[in-house]
Amino acid sequence: MVAGNPRRTAKRRHLGLYATFEHGDEIAFPGYYAVDLPHVGVEVELTATPRVGVHRYTFAEEAAPEIQIHVTNALGQGRSDAGVVRVVPEAREVEGSVRTFGSFSGRYGGIEVFFVARANLPIADVGTWQGEDARDSEPAEAETTATGNDVGVVLRFERDGANTPLELKVGLSYVSVEGARRNLEAEAGELDFDGVLARAKEAWEEKLGRARVSGGTPKQQTIYYTALYHALVMPSIASDVDGRYIGFDKQVHEAEGFNYYTDMSLWDTFRTAHPLYTLIARREQRDMVRSLVAMAREGGYLPRWPSGNGYTNSMFGTPADFVIAESYLKGIRDFDVEFA
C-alpha cells in the first residue's frame, strides 16, 4: 500500500510503488513507525492492534489524498496470486483477499489472507487494474472490483478545508472477509489513529515492563530492551477475535479460551525464547502450547517450524516436545497433557 501523487500518469503510478527516504526522516518505537517522503509530498505513520494495521497519511496541501493498494504485492522472493478486491464507496471500504506464497507458506500451497480497509475520508474516485500490463497504464475508471494474479485499486479521497490526514484501518483475517471486518470493529472500530497508538504504547509498556533491569550504561539498557522487544514480536496470533482460525487440516476451527498462535520457529527458540516466556509471558506460553497441541490434533503430528496454517518441515529434531515438556515442568499445565 503506497501513498502517491494525484496525477494519474502511468509513470507516476509505477513510481508510486517506490519511494526514497532518509533514515533521519524516520521515527520508530514499539507500536509506532513514521517516515517523511518529501519527494511524493506525504508523511506516513503506522500503528497497530493485534489484528488491525492503522495508517495515517498527511499529504502536502497542494496534493489530493490518493493511495493505491497493490493487493497481490509480495515482499522479497515471495509471490501472490488469486487476488480479489472490491471497493464499497458508500462504506468508505475496500475488501478482498489474496493467496500469498512466502519462503515457508509456499511449501504447503500458500496461505489465504483476507482484509477490510476502512477510510476516514469519503472516497471521491475509484480505479482498479488487473494484470501486469494494466498496472502500467491508466486504471479502469469507476470499476469497483478486480480479480486475478496481479490486481490493485487506486483511490482518491475528498479533501476538506482543514487538510485532514487520511486514516486507514486495515483488518486482517486468515478465515474470511467477515472475520477481518469483525477484527477491525472489535479492536479499532471506534478509535482514531491516536487512540489506537495510545493503546499500542500501553500494551508494549506492559509487556516490556514485565522484566525490568537496573545498572549498566544507557546503551546497554537500550540493547536489553531492544532485544526484549524483538523476543516479544513473534509468535503471531492467527485466530480472529471470535476464536476462529484455519487449522493444519485447512478447516475452520475455534480456539476456546485461548489465542491460537503460529509462526513459531521452535528449532531456534526452544532454548532461550520459550524459557523466557515461561517466566514473563506464562499466559501467552500456555496459548502457544495449546496451539501446538491443536496443530498435532488437526495436522497429525507436532510441527518443527509451524508457519501460517501449515507444516514447513524446516530444520530437524523435535523441538515442540521440549517446549511442551518444559512448560509442564514449570507448572503450565492448562492444556491436553495426555494427548500431547
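Anyway, here's the lowdown on the structure attached to this text. Here the structure is a predicted model, which means the values were calculated and not measured.

To continue, consider the sheet that holds strand β9 (residues 111–119). As summarised here, the arrangement of the nine strands in space is β2-β3-β4-β5-β14-β9-β8-β7-β12, forming an open sheet in which the pairing is antiparallel. Each of the sheet's edge strands pairs with one partner strand only, and the pair in question is β2 (26–29) and β12 (145–148). Averaged over all adjacent pairs, the angle separating strand axes in this sheet is 15°, with direction ignored. Where strand β3 (residues 32–37) and strand β4 (residues 42–48) come together, five bridges link them in antiparallel fashion. Along β4, the bridge assignment pairs Tyr33 with Leu46. Packing against the sheet, helix α4 (residues 193–208) makes contact with β2, β3, β4, β5 (52–59) and β14 (166–173), and its axis sits at approximately 50° to β4.

On to the nonpolar core. If you look at the biggest cluster of nonpolar residues, it comprises 30 residues, and the most contacted ones within it are Tyr260, Met264 and Leu292. Only α4, α5 (218–233), α6 (273–280), α7 (282–299) and α8 (319–329) provide two or more residues apiece to this core. The element that contributes the greatest number of residues to this core is α7, accounting for six residues. The contacts of Met264, once residues within four sequence positions are left out, are Pro235, His274, Met288, Ser291, Leu292, Met295, Arg304, Trp305 and Pro306. Counting 29 residues, the second largest nonpolar core, distinct from the first, contains Phe59, Val87, Ala119 and Leu155.

Rules and cut-offs
Residues numbered from 1 in each chain as written. Predicted model: local features only at pLDDT ≥ 70, side-chain atom pairs only at ≥ 80, totals over all residues. Heavy atoms only, no water. Pairing = 2+ DSSP bridges. Helix = DSSP H or I, 4+ residues; strand = E, 2+ residues; numbered from the N terminus. Axes fitted to C-alpha atoms, helices over the stretch in contact; angles between N-to-C directions. Contact = heavy atoms within 4.5 Å. Core = buried A, V, L, I, M, F, W, Y, C linked by side-chain atoms within 4.5 Å. Buried < 20%, exposed > 50% of the residue type's maximum accessible area, 1.4 Å probe, protein only.

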